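# Tertiary structure, described
Letter by letter, the chains look like this.
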Amino acid sequence: MADELTPETPEETEEPIKQRKNGLYPGVSDELAENMKTGWADTELHDLEPIPQAAETAARRARLSARFPGERLVIPAGNLKTRSNDTDYPFRASVEYAYLTGNQTEDGVLVMEPTADGHQSTIYLRPRSNRENGEFWLDGHGELWVGRRHSLTEAEKLYGIPASDVRELPGALREATGPVRVVRGHDAGIEEALTDKVTAERDEELRVFLSEMRLVKDDFEIGELQKAVDSTVRGFEDVVKVLDKAQATSERYIEGTFFLRARVEGNDVGYGSICAAGPHATTLHWVRNDGPVRAGDLLLLDAGVETHTYYTADVTRTLPISGRYTELQKKIYDAVYDAQEAGIAAVKPGAKYRDFHDAAQRVLAERLVEWGLVEGPVERVLELGLQRRWTLHGTGHMLGMDVHDCAAARTETYVDGTLEPGMVLTVEPGLYFQADDLTVPEEYRGIGIRIEDDILVTEDGNRNLSAALPRRSDEVEAWMASLKG
């Protein structure tokens with residue numbers, strides 16, 4: 001059995017106060033230092049309730065414990081990343097850490113210590129800023145600079161996990177014995193402390209298992225994904241209402257409009273919004289969003305709101321900027337719609353994961369043959385993958401706390417696996433005719449169309465979480481007219 005972690009003493013973890021090199025105050029007088037130590041009200045929060053998902057995070061830790069008995073498990077949140085000089089990117093905790101704790105603060109680490117009947121979890125966090133040594137007002141990450149953080153006692157109440165000072169953890173890990181695994185790539189200091197105790201193969205097994213745990217969502221997660229989708233629908237409505245302003249400026253107006261909804265109702269956007277007008281719609285991940293928005297062209301908007309608990313929507317609509325599709329645009333749009341309908345119909349429990357992709361690709365291949373863009377028969381086209389010149393990407397992916405969720409899962413449990421109730425995936429076929437594609441008629445060139453919805457596998461089929469956003473071409477036109485009117 002692995003030994004208990006032995007914390008360092010506070011003196012061993014004391015860190016020097018960081019001050020800006022060219023600050024206007026060269027030092028602190030003894031009188032000011034003493035003055036700043038006193039006269040502060042007690043702000044401890046005593047009536048905190050556990051976070052809404054506390055029961056779910058506890059159940060997830062229990063499942064993880066059962067998979068790795070007798071082993072110490074270390075799951076870091078990660079650290080702030082420098083944007084430039086002394087400014088940082090907004091922090092987002094690692095998915096593994098947030099999934100198991102519900103906590104989202106930088107430098108946090110979940111440690112699960114093996115016991116005779118499972119594991120004892122401890123969440124290691126930075127405590128409140130020290131007022132005795134001046135850290136709270138002199139350090140750039142002190143609370144007077146970046147805001148109050150929860151005390152360790154408050155954290156225990158919120159997350160239902162005993163909390164300790166994270167500054168003690170690296171030294172304790174260096175001295176620890178027994179088998180240990182860590183989720184890599186988030187905290188270099190924690191990994192360094194464990195460098196002689198872990199192996200890449202064993203750590204990868206931990207990462208893969210945590211990814212596969214998220215394949216089937218619990219009720220809390222499904223509720224959060226619905227919230228994300230509902231906010232995303234409102235964000236799409238916001239964009240349609242300001243298309244005239246986007247035409248006067250650029251795709252950036254669309255990006256900014258959707259971002260406002262994401263920040264007001266959620267944590268952020270779940271990924272870089274794709275606001276692709278005209279031929280930019282043929283670039284799958286067009287996130288520069290700096291091009292013109294012109295009447296007569298199409299706008300491919302692929303965007304999703306991320307909730308405060310990190311669950312993201314991922315929805316795409318291809319909209320006629322002028323409000324009505326041209327005859328050719330409608331023909332191509334309707335083909336993609338029919339392909340998506342076939343794909344969604346194939347999403348059901350017991351179906352192979354690949355079935356929805358194959359169903360959608362078949363419809364698109366049939367249309368490409370029908371239009372004379374590729375030589376049939378359809379079976380030959382599919383066997384050789386010839387349709388991929390214009391369909392390009394897979395028809396969907398798992399969705400959750402990552403927009404491409406569960407990415408580390410084994411192939412046999414993901415793309416070669418079977419759909420189960422509680423899985424959430426996107427269905428998003430598309431057709432993309434590049435502006436320089438000489439194999440298609442000139443009028444096709446520069447048209448890109450994708451339709452994407454977020455689909456929950458249910459006990460008896462599926463539910464379209466984003467069904468509130470119109471999909472059929474005539475419904476899209478009527479919806480846009482009602483919003484502009």
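Just so it is clear, the structure is predicted and the values come from calculations on it, not from any experiment.

We now examine the confidence of the model for the protein. This prediction gives the protein a mean pLDDT of 95; 96% of its residues lie at or above 70. Put simply, helix H1 (residues 10-13) is where the protein has its lowest mean pLDDT, 44, and strand E16 (residues 453-458) is where it has its highest, 99. Per-residue pLDDT stays below 50 along residues 6-13; that stretch engages in nine contacts with residues further than four places along the chain or on separate chains.

Now for the packing of helix H14 (residues 327-345) against helix H15 (residues 355-370). Following both chains from N to C, one finds H14 and H15 inclined at 155°, their axes separated by 7 Å at the closest point. As judged from the angle between their axes, H14 and H15 are roughly antiparallel. Crossing of H14 against H15: the hand is right-handed. Contacts between H14 and H15 pair Asp334, Ala335, Val336, Asp338, Ala339, Ala342 and Gly343 from the former with Phe356, Ala359, Ala360, Val363, Leu364 and Arg367 from the latter. Across the contact of H14 with H15, the residue classes tally to nine nonpolar, one polar and three charged.

On to the packing of aromatic side chains, then. Scanning the model with the defined rule gives eight aromatic pairs in all. When the ring of tryptophan 40 is compared with that of phenylalanine 136, the centres are 5.4 Å apart and the planes differ by 80°; the resulting orientation is edge-to-face. Of the two residues, tryptophan 40 sits in the loop between helix H2 (30-37) and helix H3 (54-67) while phenylalanine 136 sits in helix H5 (residues 135-138), which places them 96 residues apart along the sequence. Looking at tryptophan 40, the relative accessible area reads 39%, which means it is partly exposed.

This paragraph deals with the UniProt feature "domain: Aminopeptidase P N-terminal" (unreviewed entry) in the protein. In the numbering used here, UniProt assigns the "domain: Aminopeptidase P N-terminal" (unreviewed entry) feature to residues 52-191. Note that residues 52-191 is 34% helix and 22% strand, and that its end C-alpha atoms are spaced 31 Å apart.

Quick look at the environment of tyrosine 444 now. Mapped onto the fold, tyrosine 444 is located in the loop between strand E14 (430-433) and strand E15 (447-450). You can call tyrosine 444 buried: its relative accessible area is 4%. Placed 210 residues apart in sequence, tyrosine 444 and arginine 234 show a C-alpha to C-alpha distance of 31 Å. Side-chain polar atoms of tyrosine 444 contact the side chain of lysine 331, separated by 2.7 Å.

Right, let's get into the sheet that holds strand E1 (residues 72-76). The sheet built from five strands is open, its strands ordered E6-E5-E4-E1-E7 with mixed pairing. Every interior strand has two partners, whereas the edge strands, strand E6 (163-165) and strand E7 (180-182), have only one. For this sheet, the mean angle separating the axes of adjacent strands, direction not counted, is 25°. Across seven bridges, strand E4 (residues 109-115) lies against strand E5 (residues 118-125) in antiparallel orientation. Across the sheet, the residue bridging to valine 111 is threonine 122, located in E5. Packed on one face of the sheet, H3 meets E1, E4 and E5 and runs near 50° to E4. Where helix H7 (residues 152-159) meets the sheet, it contacts E5 and E6, and its direction lies at approximately 150° from that of E6.

What counts and how
Residues numbered from 1 in each chain as written. Predicted model: local features only at pLDDT ≥ 70, side-chain atom pairs only at ≥ 80, totals over all residues. Heavy atoms only, no water. pLDDT = per-residue confidence, 0-100. Helix = DSSP H or I, 4+ residues; strand = E, 2+ residues; numbered from the N terminus. Contact = heavy atoms within 4.5 Å. Axes fitted to C-alpha atoms, helices over the stretch in contact; angles between N-to-C directions. Parallel < 35°, antiparallel > 145°, perpendicular 65-115°, else oblique. Left-handed = near helix turned anticlockwise from the far one by under 90°. Nonpolar A, V, L, I, M, F, W, Y, C, P; charged D, E, K, R; others polar. Phe/Tyr/Trp six-rings, centres within 6.5 Å; stacked < 30°, edge-to-face > 60°. Buried < 20%, exposed > 50% of the residue type's maximum accessible area, 1.4 Å probe, protein only. UniProt positions renumbered as here; feature names shortened; annotations may be inferred. Polar contact = N/O pair within 3.5 Å; in protein donor to acceptor, adjacent residues only side chain to side chain. Pairing = 2+ DSSP bridges.

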